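# Reading the structure
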Amino acid sequence: DTGVSQNPRHKITKRGQNVTFRCDPISEHNRLYWYRQTLGQGPEFLTYFQNEAQLEKSRLLSDRFSAERPKGSFSTLEIQRTEQGDSAMYLCASSPGQKNTEAFFGQGTRLTVV
Amino acid sequence: TQLLEQSPQFLSIQEGENLTVYCNSSSVFSSLQWYRQEPGEGPVLLVTVVTGGEVKKLKRLTFQFGDARKDSSLHITAAQPGDTGLYLCAGASTYGGATNKLIFGTGTLLAVQP
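Now for a quick tour of the structure. This is a predicted model, so every value here is computed, not measured. (Residues numbered from 1 in each chain as written. Chains lettered and ligands numbered in written order. Predicted model: local features only at pLDDT ≥ 70, side-chain atom pairs only at ≥ 80, totals over all residues. Heavy atoms only, no water.)

Looking only at helices and strands, chain B has zero helices and 11 strands in total. Computed over C-alpha atoms, the radius of gyration of chain B comes to 14 Å, within 12% of the 13 Å expected from 2.2 N^0.38 for 114 residues, which places it in the range of a compact globule. Buried positions account for 45% of the 114 residues belonging to chain B. Separation between the mean location of the 8 positive side-chain charges and that of the 9 negative ones in chain B comes to 8 Å. (Helix = DSSP H or I, 4+ residues; strand = E, 2+ residues; numbered from the N terminus. Rg over C-alpha atoms; globule rule 2.2 N^0.38 Å. Buried < 20%, exposed > 50% of the residue type's maximum accessible area, 1.4 Å probe, protein only. Lys, Arg positive; Asp, Glu negative; His and termini not counted. Charge placed at Lys NZ, Arg CZ, Asp CG, Glu CD.)

Encoded structure:
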């Protein structure tokens, strides 16, 4: 088991373009989280899945953001029509299950919108 | 809305000094975790506390969960430059037998000068 893997590590895109990030969680983990983090701040919750079901999406998240977890395995986070304010570190984490919330994080994807 | 406020936000100390970081909320959590994050990396789990009043020690780090399970503290004795990083608390609540999403505190950026 190699832990949580995120790709790409870095992404630079022009404003208005669409981007997609991928997260491969620890294989036996049921929960998968997406967070957004800016420098020196705590991770901000975006959305999370229990297996393939998306249980909650942050109300702060615009309709330009969408996430999927087909078959309860890997997950993708897509941002459409990117804006400069979307520039941040996007973190993925997985945890074992409903009663064990200990989260294991990937190294994140650093998005820069120019 | 559940919020976890950490204090102080920034802390710069000399090697060998002691420090305490606080994590406070008006909400009750079924468990609370502490993470440490280094630049360009995802957060790494340090400890989980579950029982009100619980105290856990990890070498020079002492973690305490408040009696009402609404707050927590992290105390570092004789800080070392290797302790430098962003310290994050995170909590999850339980509702109807199911555990809700994991939310993070605002973060405490610690710099230990040699």
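Here the narrative resumes, following the displayed structure.
The next subject is the overall build of chain A. Scanning chain A for helices and strands turns up zero helices and 11 strands. Ordered by position in the sequence, the α and β elements of chain A form the string β-β-β-β-β-β-β-β-β-β-β. Projected onto its principal axes, the C-alpha positions of chain A cover 40 × 25 × 25 Å. Every one of the 114 residues in chain A was classed for burial, and the buried ones make up 47%. Sequence-distant contacts in chain A: of pairs separated by 6 or more residues, those separated by 24 or more amount to 53%. Split by element, the accessible area of chain A, about 5800 Å² in all, is 45% carbon and sulfur. Charge-centre separation for chain A: the mean point of 15 positive side chains lies 5 Å from the mean point of 12 negative side chains. (Contact = heavy atoms within 4.5 Å. Areas by Shrake-Rupley, 256 points an atom, 1.4 Å probe, with all protein chains shown as cover.)

Considering all chains together, one arrives at 12 aromatic pairs over all chains under this definition. Among the aromatic side chains, those forming a connected cluster through ring pairs are A:Y33, A:Y35, A:F45, A:Y48, A:F105, B:Y35 and B:F104. If you follow A:R22 out to its NZ or CZ, it ends over the ring of A:F74, 3.9 Å from the centre. (Phe/Tyr/Trp six-rings, centres within 6.5 Å; stacked < 30°, edge-to-face > 60°. Lys NZ or Arg CZ within 6 Å of the ring centre and 35° of its normal.)

Residue and element names in this part refer to chain A. Here the structure, examined in full by the defined rule, presents two disulfides over all chains. In this model C23 forms its disulfide with C92; the gap between the sulfur atoms is 1.9 Å. Sign of the S-S torsion, about -65° for the bond between C23 and C92, identifies this disulfide as left-handed. One end of the pair, C23, is in strand β3 (residues 19–24); the other, C92, is in strand β9 (residues 88–95), with 69 residues separating them in the sequence. For the residue pair C23 and C92, the accessibility class agrees, reading buried in each case. (Disulfide = S-S within 2.5 Å.)

Let us now look at unusual backbone geometry. Both trends apply: most residues other than glycine have a negative phi, and most peptide bonds are in trans. Backbone torsion omega between A:N7 and A:P8 reads -10°, so that peptide bond is classified as cis. With respect to the helices and strands, A:P8 occurs in the loop between β1 (5–7) and β2 (10–13). B:S7 connects to B:P8 through a cis peptide bond whose omega is -5°. Along the chain, the position of B:P8 falls in the loop between β1 (5–7) and β2 (10–14).

Residues and elements named next belong to chain B. Locating G85 in the fold gives a position in strand β9 (residues 85–95). For the pair G85 and R36, spaced 49 residues apart in sequence, the C-alpha to C-alpha distance is 6.4 Å. Residue contacts for G85: discarding those within four places in its chain leaves R36, Q37, T108, L109 and L110.

All names here are of chain A. Strands sit in the order β1-β3-β8-β7 across an open sheet of four strands; the sheet is antiparallel. Each edge of the sheet is formed by a strand with only one pairing partner; in this case those strands are β1 and β7 (65–68). Here the strands of the sheet are splayed against their neighbours by 15° on average, with no regard to which way each runs. In terms of strand pairing, β3 meets strand β8 (residues 75–79) through five bridges, oriented antiparallel. In the strand pairing of β8, F21 is matched with L77. (Pairing = 2+ DSSP bridges. Axes fitted to C-alpha atoms, helices over the stretch in contact; angles between N-to-C directions.)

This part covers the nonpolar core. Within the largest apolar cluster, 21 residues are counted, with the highest numbers of intra-cluster contacts made by B:L4, B:L19, B:L32, B:W34, B:L74, B:I76 and B:L110. The set of elements that each furnish at least two residues to this core consists of β3 (19–24), β4 (31–37), β5 (44–49), β7 (61–65), β8 (71–76), β9 and β11 (108–113) of chain B. Apart from the residues lying within four places of it in its own chain, the contact partners of B:I76 are B:E17, B:N18, B:L19, B:R60, B:L61, B:D83, B:Y87 and B:L110. Ranked by size, the runner-up nonpolar core spans 19 residues in total, among them A:V4, A:L32, A:W34 and A:L61. (Core = buried A, V, L, I, M, F, W, Y, C linked by side-chain atoms within 4.5 Å.)

Moving on, we come to the interface of chain A and chain B. Across the contact, 23 residues belong to chain A and 25 residues belong to chain B. Carbon and sulfur atoms supply 49% of the area buried between chain A and chain B, which totals about 1800 Å² over both sides. Considering only the side of chain A, the residues that lose the most area to chain B are A:T101, A:E102 and A:F105, jointly responsible for 24% of the buried surface there. There are one salt bridge connecting chain A and chain B. (Buried area = accessible area lost by both parts, 1.4 Å probe. Salt bridge = Lys/Arg side-chain N within 4 Å of Asp/Glu carboxyl O.)

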